[in-house]
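Examination of the molecular architecture
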Amino acid sequence: MAADHKTARIGPNGKPVRPFVMPADLPGKLKVWRFIIYRRIVQLGTLLLFFGSAHWGWTVANEPVLIGNLSASTLLGTVPLADPFAVLQIFLTQHVLETEVIIGAGIILLTYTLLGGRTWCSWACPINMVADLSAWLRRRLQIKDRIILSRNVRYTVLALSLILSVITGVAAFEWVSPISMFHRELIFGIGMGWMAVIGVIIFDLLVLRDGWCGHLCPLGAFYALIGKMAPVRILFDSPSCTHCGECARVCPEPQVMNLIKATEAGMIASGECTNCGRCITVCPEETLCFGLRKQNGTGYESPQKLESHQ
Amino acid sequence: MTAKSSRREFLTRSAQGIALAATGGLVWSYLLQQQAQAAPHAIRPPGAHDEVDFNAKCIKCGQCVRDCPYDTLKLAPAGDSVAIGTPYFIPREIPCYMCIDIPCVKACPTGALDPSLEVIEDSRMGLAVIDIENCLSWQGLRCEICHRECPVQNKAITVEHHPRKISKHAMFVPLVHSDACTGCGVCEKACPTEVAAIRVVQPELVQGKIGEHYRLGWTIDTPITQDFKPQQRVDEQPAPATGLDYLNQGDL
Amino acid sequence: MGQTRREFLKTSVAASAAATVGLPISQTAQAATRDAEAGWQWDKSVCRFCGTGCGIMVATKDGKIVATKGDPDAPVNRGLNCIKGYFNGKIMYGKDRLTQPLMRMKDGKFQPVSWDQALDEMEKQFKKTYKEMGPHGVAVFGSGQYTIPEGYTMAKLMKAGFRSNNIDPNARHCMASAVVGFIQTFGIDEPSGNYDDIEHTDTVVTWGANMAECHPILWARVSDRKLGDEENVKLVNLTTCSNQTSDIADSEIVFKPGTDLAIFNYVAREIIKRDAVNKDFVEKHCVFATGPYDIGYGMRGTSEYAYDAEKDTQAKELKVTLDKYEAIAQRKKEGDVIEQKNRAKPVKHWQISFDEFKRGVEPYTLDFVAELSRGDADESLESHKEKLKALADLYVEKNRKVVSFWTMGMNQHYRGSWVNEQAYMLHLLLGKQAEPGNGAFSLTGQPSACGTAREVGTFAHRLPADMVVFNGKHRARSEKIWNLPDKTLNPKVGSHITKILRSMEDGSIKWAWVQVNNPFQASANANHWIAAARKSDNFLVVSDPYPTVSAKVADLILPTAMIYEKWGLYGNAERRTQGWRQQVNPPGEAMGDVWQGLEFAKRFKLKEVWGEHNVPGLKSEGFEDGKLPSVLDDAVAMGYSPEDTLYDVLFATKDNKKVAWPDPAVAKGHGNHIADKLGDGWFPEKALFDEYRQFTVNFQHDLADFDTYMRDDVRGLKWPVIDGKETEWRFNEKYDPYVTKGAGFEFYGKALKATPTGDLDKPTSKEKKKLAGKAKIFFRPYAAPPEQPDDNYDLWLSTGRVLEHWHTGTMTRRVPELHRAVPGAQVFMNPNDADKRGLKRNDVVWIESRRGKVKAVLETDGRNRPAKGYTFVPFFDESVMINKVALDVTCPMSKEEDFKKCAVKVYKA
């Protein structure tokens with residue numbers, strides 16, 4: 001390869017910087033793609049459970065498997081689940097809610113507080129598939145970035161969602177959310193919800209890279225805030241890192257790949273990380289892996305590597 | 001970059017940001033208002049709160065839709081005339097068949113469908129209204145399907161017999177009573193005219209109101225009060241005289 | 001052309017609505033309507049559905065019916081319709097209209113075939129069976145919805161052509177009990193009064209007639225009468241299931257099934273006790289009579305074909321043990337076992353004295369009858385008693401006019417003929433019969449149950465104009481009019497409709513033709529008959545415009561023209577004969593029933609049918625050897641050739657062929673697809689009607705001629721039509737020219753006008769005593785229904801109709817609007833009974849009897865509100881085929897099935 005003829009760069013750890021090379025064989029490729037495969041299984045599986053329960057009467061022990069949609073649902077006829085952000089907005093409209101939905105929101109909130117807030121984005125949200133498609137197309141078509149927008153805009157949108165919920169008396173984001181629009185219509189029938197999907201694709205493709213998920217989505221912002229505290233993280237083994245930059249190149253939220261902060265924390269500390277696992281599979285040095293939070297001095301002393309490094 | 005210029009830039013950017021957020025917020029809240037008012041007269045599932053509260057509380061999860069055994073309910077898709085994602089039904093297509101166990105209300109996690117609704121006959125999804133110009137029974141034909149099919153028969157819809165001027169056939173005219181009509185829409189579905197002559201609508205669209213100051217003489221028995229308690233007259237400061245403008249101005 | 005379709009519809013709807021209410025409508029709206037309707041052609045016609053006989057106007061354009069309206073000139077309905085009538089124009093345009101003959105092939109599937117192939121196969125199968133089994137091996141299921149020419153064609157073809165009396169209409173299930181009641185009481189069929197009785201009377205009592213739903217337009221007239229004088233006009237509804245008719249009634253009497261027999265006798269006893277018998281009337285115009293009680297229940301005498309579960313009910317056909325009430329009512333002891341000895345001769349009867357009659361009704365005291373008849377356990381005995389007493393008060397009250405109406409509740413009854421006679425018993429005792437506003441009035445269910453089934457005589461025992469096959473004089477008169485050799489007509493009564501079905505099961509009938517009805521859905525205990533129809537050696541032909549249950553079990557299906565696609569006449573319940581022209585052509589290859597009959601007749605030569613036939617069981621004067629003789633020689637002597645076809649001899653006769661088609665004066669441009677297809681220049685409907693008319697004239701049944709009924713200014717005429725004038729009230733000198741001058745009243749019917757005499761229990765003298773001009777007042781006792789709820793089958797079941805659907809729903813269920821309004825049959829049940837079984841409204845439940853089970857949706861709060869212990873299921877819905885559950889008990893006299901009483905259980909599906 002061309003790189004072999006150049007002078008090899010040396011990383012800060014004194015080792016030569018190696019580029020990521022996509023394996024030629026299928027098993028190798030599958031290994032690189034493993035997280036995207038897992039995520040699609042989880043995303044589509046969830047969707048299928050909803051759809052199957054609604055349209056094909058899927059049951060376990062005579063109870064429907066998963067009824068409702070990502071806004072609120074009932075698992076096996078008993079466990080309530082609800083979108084905590086939606087519930088927060090409804091709460092802000094100054095309406096008393098049933099305990100059921102509050103418990104449901106609590107369950108989901110707890111789940112993502114443990115798993116990493118934006119794990120939702122990469123592993124559950126149906127728009128993620130659309131956004132990934134846009135990003136892939138954008139790479140293939142080599143569309144240049146022209147507009148730059150702060151990724152913090154999403155926090156403004158988040159704040160607006162909450163304020164407008166108070167002012168207008170309806171859950172502000174729920175009424176315009178392309179996520180629930182898309183999901184609802186996948187499960188309950190076709191309306192103009194596809195327009196939302198096409199809107200996200202066009203926006204992400206032609207206007208702004210990672211435009212919706214990385215810049216605007218208040219639900220992502222909400223989970224980012226929660227995600228700060230999550231024990232499940234991507235761990236960073238700084239001694240092995242050659243600063244080759246492969247991780248940042250594939251990351252949909254590259255600002256989280258701040259290697260200085262990562263070195264300090266021993267992990268990707270930002271809540272904006274979606275735990276998509278792309279960085280893990282492209283890292284030539286196996287520097288990154290899923291694991292439990294390593295907190296210098298205050299938390300877990302010995303990191304347990306969960307997935308990588310076996 | 002000097003501290004001053006960076007400070008100015010910061011202020012400018014902040015101002016821009018705030019302006020952008022404010023504009024965005026305004027547009028957004030306009031959209032919300034539009035949406036929330038999209039179809040204020042949609043026919044909602046049993047137990048639905050009034051439209052404002054319902055719109056606020058409904059989380060658009062569709063569990064009521066799934067639990068409706070008759071496929072009556074649907075979630076409004078984007079672009080529909082009904083507020084996006086909320087459950088509603090079109091009686092002429094599939095009416096509410098008034099399940100005794102009200103599964104839709106049971107399914108609602110947020111209470112947008114009021115869980116205190118225990119008897120389906122108490123629900124008020126809408127009010128049936130008869131277009132007496134196009135109602136066959138009101139012309140004298142023996143139809144009255146709405147009456148016979150009404151699940152709250154003889155309470156929500158009754159039939160009155162009226163003489164018909166031009167022949168010796170009594171007219172059997174159906175009448176709807178708002179105190180018992182649940183708005184289930186079975187009548188609208190069953191109505192045999194090409195366009196239904198009985199329709200379910202939100203009551204505020206069609207219902208009038210007798211003045212608070214008047215009671216219909218025959219509706220309640222009100223005996224003359226036997227122990228009348230007169231109110232003491234209080235001496236008041238005389239207010240400025242009224243009526244002077246009229247009295248003093250203009251010619252006769 | 002500027003008008004859009006929508007505007008056009010709007011204006012036409014507004015115009016017709018405004019016209020009926022009498023609202024002024026704007027000139028512009030009228031003009032718009034006229035423009036929109038340019039090119040429409042209107043003609044008078046008749047509603048296709050019930051026996052009321054409403055007139056309608058039909059508009060056609062470009063060979064399609066585009067609209068209908070109630071005929072404002074029709075005296076019955078004055079421009080109104082019920083919701084079925086409103087959809088007359090749509091019944092012909094169902095998506096699955098049959099347009100080609102369909103034959104079941106070897107693989108069991110139907111395939112389209114040509115008419116020639118269809119008729120060839122039909123002929124082949126007929127000839128095979130006819131040769132093997134004789135005239136009694138073939139049968140025709142006829143109809144009370146036949147037009148008069150259709151019924152006449154088929155009756156003549158069967159009786160005169162094939163010498164078989166095995167033609168019986170579905171009217172057997174509808175009006176046969178009424179007929180027995182009329183014939184035994186008056187000696188002539190059909191009501192003395194007419195619908196104007198409603199406007200003349202002060203009291204309407206409905207006995208087993210949910211008129212509000214089943215005779216909607218007449219009920220509007222009754223209701224109007226009530227509104228006109230709410231204080232004085234009284235309505236009483238006697239029923240086993242609280243229904244819509246009660247809504248405007250002053251009193252609703254809910255009685256236990258079968259106890260109407262006792263209630264009638266209670267009222268009769270009161271009439272006597274209160275000395276209210278109109279002695280003058282009774283003495284001059286009536287005699288008293290009674291008959292045997294041990295007449296069975298019209299079931300088979302053998303259990304050979306019964307399912308195991310049915311056997312206990314079937315056993316009662318031969319022997320019953322009297323219960324407490326029956327014992328009192330029949331002056332016997334409780335527990336007596338009564339062998340049903342008079343099953344073979346249920347109709348025999350003898351005259352008794354008034355004292356014997358009095359002795360008969362004596363046990364029917366208020367206490368006894370109230371306890372026996374209370375149908376609603378939630379009603380106090382006291383309240384029930386009071387209502388019964390008030391009912392008697394109304395009948396007895398001097399100067400109060402009373403009309404008693406009834407339909408299927410009394411006709412479809414294991415003692416239907418008795419209970420019909422009991423209705424006349426009251427009115428005759430009181431002298432409140434045959435005058436304006438006074439009379440017992442039997443309503444009919446079908447549009448031409450009277451006009452065709454009864455008057456033409458498409459029953460197994462009848463000939464036209466109330467004549468019967470077992471009467472030699474009647475046969476001779478018919479043979480003369482029909483120009484047949486002596487002894488062509490078969491004196492042996494043929495199989496009634498239930499017997500045809502049973503015979504198909506036991507192999508004694510192997511070829512049958514179903515016309516204008518759907519017996520395999522409409523007959524009780526249907527599981528048996530469906531299996532029988534599919535037996536490999538039975539050949540079943542079904543003529544129908546639509547694929548029905550009967551078509552589904554057929555071997556050959558013939559596509560048939562519907563009402564406005566042919567010329568026809570119907571006769572309604574008030575003796576009104578009404579005619580209409582063909583308005584449009586039938587679709588595809590569909591052809592009218594008249595043509596089907598005529599075309600079939602062309603395939604038989606005299607030598608094939610008029611030879612000698614063995615007729616098992618034939619016993620008749622002149623036929624001592626039990627055989628139908630060959631009449632071929634006589635035929636030749638009369639100028640026929642053995643090679644002549646039945647078409648030539650019976651239908652396209654020299655006289656008939658003179659009735660020419662085209663007939664512009666009558667047709668006024670209307671077509672006749674049958675005459676055109678025959679192509680031999682005659683007008684079959686007119687020729688056959690006018691031929692049939694010969695039976696009626698000067699024979700107490702006078703009809704006008706065909707052309708009169710087709711006149712623009714005629715909206716039907718009530719027979720007897722004498723000198724062009726219709727008869728409003730029969731048997732009454734003031735109105736009826738047949739009554740001898742000075743007689744006042746005369747019940748001049750000729751049938752059964754001489755009987756033996758006897759006491760309450762038996763005839764004591766065989767000598768026949770004449771009673772010309774008189775009516776009989778029968779004493780008939782209470783008898784218990786053979787099947788009643790028990791621990792296992794713990795609920796009563798009655799079947800019936802709903803306003804929106806007609807009979808088995810084959811037409812009305814194809815009108816999308818009616819189907820949407822009432823898509824399926826529900827089982828109506830008392831909410832307490834539902835609770836007790838853990839059921840709730842809208843649950844899907846099984847309804848199961850000894851004979852079968854079906855699933856239906858439960859309704860506890862609907863139009864019918866049964867008392868505890870009762871259920872009601874309409875029979876229009878083939879997916880809820882309740883006749884698989886119902887019991888095929890019949891009135892032993894009329895052979896009419898009792899669809900109103902059997903025992904079922906209901907449980908969650």
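Parameters at a glance
Residues numbered from 1 in each chain as written. Chains lettered and ligands numbered in written order. Predicted model: local features only at pLDDT ≥ 70, side-chain atom pairs only at ≥ 80, totals over all residues. Heavy atoms only, no water. Patch = residues over 30% accessible without salt bridge, like charges linked within 9 Å, V, L, I, M, F, W, Y side chains within 5 Å. Areas by Shrake-Rupley, 256 points an atom, 1.4 Å probe, with all protein chains shown as cover. Salt bridge = Lys/Arg side-chain N within 4 Å of Asp/Glu carboxyl O. Lys, Arg positive; Asp, Glu negative; His and termini not counted. Charge placed at Lys NZ, Arg CZ, Asp CG, Glu CD. Helix = DSSP H or I, 4+ residues; strand = E, 2+ residues; numbered from the N terminus. Buried < 20%, exposed > 50% of the residue type's maximum accessible area, 1.4 Å probe, protein only. Disulfide = S-S within 2.5 Å. Domains from an automatic or database assignment. Contact = heavy atoms within 4.5 Å. Buried area = accessible area lost by both parts, 1.4 Å probe. Polar contact = N/O pair within 3.5 Å; in protein donor to acceptor, adjacent residues only side chain to side chain.

Focus on a positive patch on the surface
Residues and elements named next belong to chain C. A contiguous patch of positive charge, built from K345, K348, K766 and K768, is present on the exposed surface. The residue K345 is located in the loop between β13 (337–339) and β14 (350–352) in this model. A residue is classified by how much of its surface remains accessible, and K345, at 55% relative accessible area, is exposed.

Structural notes on the state of the cysteines
For the structure shown, the criterion picks out 0 disulfides over all chains. In this model C241 of chain A remains outside any disulfide bridge; the closest cysteine sulfur is found in C247 of chain A, 6.4 Å from its own. In this structure C82 of chain C is not part of a disulfide, and its nearest cysteine sulfur, from C47 of chain C, lies 6.1 Å away. By relative accessible area, which is 10% here, C82 of chain C ends up buried.

Here's the deal with the pattern of salt bridges
Between side chains of opposite charge, a pair can form when the charged atoms approach closely. All names here are of chain C. For the coordinates displayed, the defined rule picks out 94 salt bridges over all chains. Between K124 and E121 there is a salt bridge, with its nearest N and O atoms 3.7 Å apart. You can see K124 and its partner E121 sitting in helix α3 (residues 115–133), 3 residues apart, about one turn around the helix. Here K156 and E691 are joined by a salt bridge, their closest N and O atoms 2.6 Å apart. Pair noted here: K156 is in helix α4 (residues 148–161) and E691 is in helix α31 (residues 684–696), with a separation of 535 residues, a long-range link. Judged on exposure class, the residue K156 and its partner E691 are both buried.

A look at unusual backbone geometry
All names here are of chain C. Of the consecutive residues W661 and P662, the connecting peptide bond is found in the cis state with omega at 5°. Cis geometry marks the peptide bond from W719 to P720; its omega dihedral reads -5°. Its place among the elements puts P720 in the loop between β26 (717–718) and β27 (754–758). Even without being glycine, L752 reaches a positive phi, approximately 55°.

Regarding the domain arrangement of chain C
All names here are of chain C. Taken domain by domain, chain C comprises domain 1 (3–17 + 29–93), domain 2 (102–169 + 447–572 + 576–718), domain 3 (178–445 + 752–779) and domain 4 (795–908). One C-alpha centre belongs to domain 3, the other to domain 4; they are set 26 Å apart. If you look at the interface, domain 3 gives 44 residues, while domain 4 gives 32 residues. Counting each side, the surface lost to burial between domain 3 and domain 4 is near 3100 Å², with a carbon and sulfur contribution of 55%. When residues of domain 3 are sorted by the area they lose upon contact with domain 4, E213, P257 and Q412 head the list and together hold 20% of the total. Counting across the interface, domain 3 meets domain 4 through 13 residue pairs in polar contact (both at pLDDT 80 or more). Listed by contribution, the elements that provide at least two residues to the side of domain 3 that touches domain 4 are α5 (176–186), α7 (211–214), α11 (311–315), α16 (408–411) and α17 (416–430). By residue number, the principal contributor to the side of domain 3 that touches domain 4 is α17, which donates 4 residues.

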